[in-house]
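Coordinate inspection notes
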Amino acid sequence: MSLSDTDFDAPTATCSSDDVCRMPDADLPMFTPLVQPKLKSIEDLMAICRTYMKDADLARVEHAYDVAFRAHDGQTRKSGEPYITHPIAVACVLAEWHLDVETVQAGLMHDVLEDTGVTKAEMAEDFGIEVANLVDGVSKLDKLSFSSAQAAQAESFQKMFIAMARDVRVILIKLADRLHNLRTLGIMRAEKRARIAKETLDIFVPLAHRLGINGLFRELQELSFANRHPLRYEVIYEHVLQERHRRRALLEKILHETKQFLPKHGIKARIIGRDKTIYGIYNKMRQNHQSLSDALDIYGFRIVVGTREECYQTLGVLHRLYKPVHRRFKDFIAIPKSNGYQGIHTTVIGPKGTPVEYQIRTESMHRVAEYGILSQWLFTKEEDSTDMRDRIATWLQQLMDIQKTSADSTEFLENIKIDLFPNRLYAFTPGGRIISLPKGSTPIDFAYQVHSHIGDHAYGSKINGEIVPLSTTIKNGDMVEILVSDDAHPHPEWLEFVHSGRARAEIRQYLRNSKFDDALKAGHDALYSLAEKRGVKLEDIPDEDWAVLLKEFELADRHALYAAIGLGKDLPAAVFARLLKIYQPVPDETLPGILIRGDEGVAVNLCHCCHPIPGDRAVGFSRKGHGLDVHRSECMHAKRGIQREPARWLRVDWNEKEASGQYAVPIAIKTTDAAASVGIITTTVATLHSNIVGFDFGNNNEVVVLVQVHNNQHLIQVMHALEKVPSLSYVKRLMDCPV
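Bear in mind that the values here come from a model prediction, so they are computed numbers and not experimental data. (Residues numbered from 1 in each chain as written. Predicted model: local features only at pLDDT ≥ 70, side-chain atom pairs only at ≥ 80, totals over all residues. Heavy atoms only, no water.)

Details of the nonpolar core
Membership of the largest hydrophobic core comes to 74 residues, with the highest contact counts inside it found for Leu45, Met109 and Leu172. Considering each element in turn, this core owes the most residues, eight residues, to helix H10 (residues 169-183). Once you skip the residues sitting within four places of it in the chain, Leu45 turns out to touch Val61, Ala91, Cys92, Ala95, Val104 and Leu108. Of all hydrophobic cores here, the second largest spans 28 residues; its members include Ala618, Val630, Tyr663 and Val709. (Core = buried A, V, L, I, M, F, W, Y, C linked by side-chain atoms within 4.5 Å. Buried < 20%, exposed > 50% of the residue type's maximum accessible area, 1.4 Å probe, protein only. Helix = DSSP H or I, 4+ residues; strand = E, 2+ residues; numbered from the N terminus. Contact = heavy atoms within 4.5 Å.)

Right, dumping it as structure tokens:
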């Protein structure tokens, strides 16, 4: 299921005003979730294949169908349909993507090795080793014994990723398989639908995004959400239908003004309406604590032009038509996303103060944005497909590197999931090379992305020419230089602030390969150093208190505990804080807390449910091996968590002298005229050296502004300044909100 883009214009170089009448309903979801799709037959598959295959290849597809039909004869799906309908549907998806005959054959037979008596050797003899390897790559590991279902899943995913790294068509078959399973998931019980949907969101949705297949990415998101939370989906779906009818006139006005203005300045373009998915709207509500109506306030259009130069010309023309929003401009042409996406994004204030986002692309950029890795099959003569192949090949090689440095399949899956998610930043080496990293990355992540040897021997770093700690968070566009020494080596503390899967895997491998005594000493020194700073002698803590701690961490003795810290498996600060709670069971208010800056990276996660900032009273939830989730003390999620698992919660203190970052905080502002107040709000905030990184216009002239501040005192100054503005009725910080 997908909320498909609305093409407001015919596929020509210029715009036709007659196409406006197509707008109101064309961008609605094209099907209803949880409804069984029409069954595909072998005739349907052959009809698709005939559009691009030769006669000899068509015969090979028919042969694969014959083998699959015999292999699955007598088998049925949960719905009662013949099982062969599933592989036919998978093969149809692959054929719609114009994949080669070997891939379509593998799609037809993708369950033959797993569910029937046919062996890989027999398949290779009949169809060739290429097809057999493709089928084997997507088959589950059902003949091995695992300690848990999680281990079996991780092992199966590891096999799939390794096969994908050898041949990317493996994951395309798996994605087509998962797509059809989700389309027909309604027959399953609710618990199983929810589990499969969550797995899809965790693994397959990020994979589709990483491969740049936008349509598949959106449909998998929608189907997963509809199967996991059907009631929530239905409520938002119905509201979206109503909202689109209500906003029709305003959309037509924006579209008309844009279509009239561009040709006057020599720009010939296609304009395509861009709509959020139901899942995207739901996520926006959760992350920004918005109501449903607030989450629908952004209007989006894609403008497709002829050349790269025209993209920049179009940007200038649009900024003459509508006023741009400060800091809401992104140039992905100069610095493409890691999945090959290119385009220019800008947000402007349109009619009646309405935020409008434009995405500007060339035709070739648009094809890559929509089809990603599929470009090499759909547009074989395009230069973009070659560039996309190179990007994917580089990423697949990185998968192999991570696999080599992961201890087991569970760790490999954890590291892969870190690198799959799409939030990225781009930094530069002193020589001008672009390095793509997950948001929140540090110089250590940067070093390992450049080369594992540089990461292993890093001892310091410079950002924009200034020496900074290795735990410093890199910002988009920073120039990073890594200082190296042959005597330097990775430390377990690095795992507290790295963000990339590659860095985490490399550090863990180094720590595992180091001698046990070295790891033991590193962990021992880290724990004793913390204790010394707090004025605590670990030797004075009774053996029975140590025994309680070791039982909680499932370790045999103190040596194992020190080694676990030294090998990067446990966070030293969390271990020490828990030990201190056991040793000195006094009220939280008098306990020494963990001291943080708030910008350490992955070691500290400032939770979006309550937006804690330096100066707030805060608590932290210790996640073994994953650092600390920090909440405001008033946060309802923290209060519930403390009631459930008090032993894993810690008091958090801010080291405000060292905290130097910018922290986003939502503020609700009541105005007499929301649109007219945007300018005065922006100006007032800017005078106090704060930035606005987001606007959300609600009902009854309420505006939610996401401001960046240094700490609690800075926030108070900003709010006091806004309270003095006559046109603003009230200003309040948004507190913890239910999700």
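Having seen it, we continue.
Examining the sheet that holds strand E9 (residues 458-463)
Read across the sheet, three strands follow the order E10-E9-E11 without closing on themselves; strand pairing throughout is antiparallel. Edge strands, defined here as strands with exactly one partner in the open sheet, are strand E10 (466-468) and strand E11 (480-484). Each neighbouring strand pair of the sheet contributes to a mean axis angle of 35 degrees, computed without reference to strand direction. Judged from the five bridges that link them, E9 and E11 form a sheet pairing that is antiparallel. Across the sheet, residue Ala458 finds its bridge partner in E11, namely Val484. (Pairing = 2+ DSSP bridges. Axes fitted to C-alpha atoms, helices over the stretch in contact; angles between N-to-C directions.)

Here's the deal with the side chain of Thr85
Checked against the element boundaries, Thr85 lands in helix H4 (residues 85-96). Accessibility expressed as a relative area gives 10% for Thr85, which makes it buried. Residue contacts for Thr85: discarding those within four places in its chain leaves Leu39, Arg77 and His180.

Concerning H4
For H4, built from twelve residues, the straight-helix expectation of 16 Å at 1.5 Å per residue is met to within 8% by its first-to-last C-alpha distance of 16 Å. Within H4 the residues assigned to the buried category are Thr85, His86, Pro87, Ile88, Ala89, Val90, Ala91, Cys92, Val93, Leu94 and Ala95. Buried residues along H4 sit against helix H2 (42-49), helix H3 (55-71), helix H5 (101-108) and H10. (Expected span 1.5 Å × (residues − 1).)

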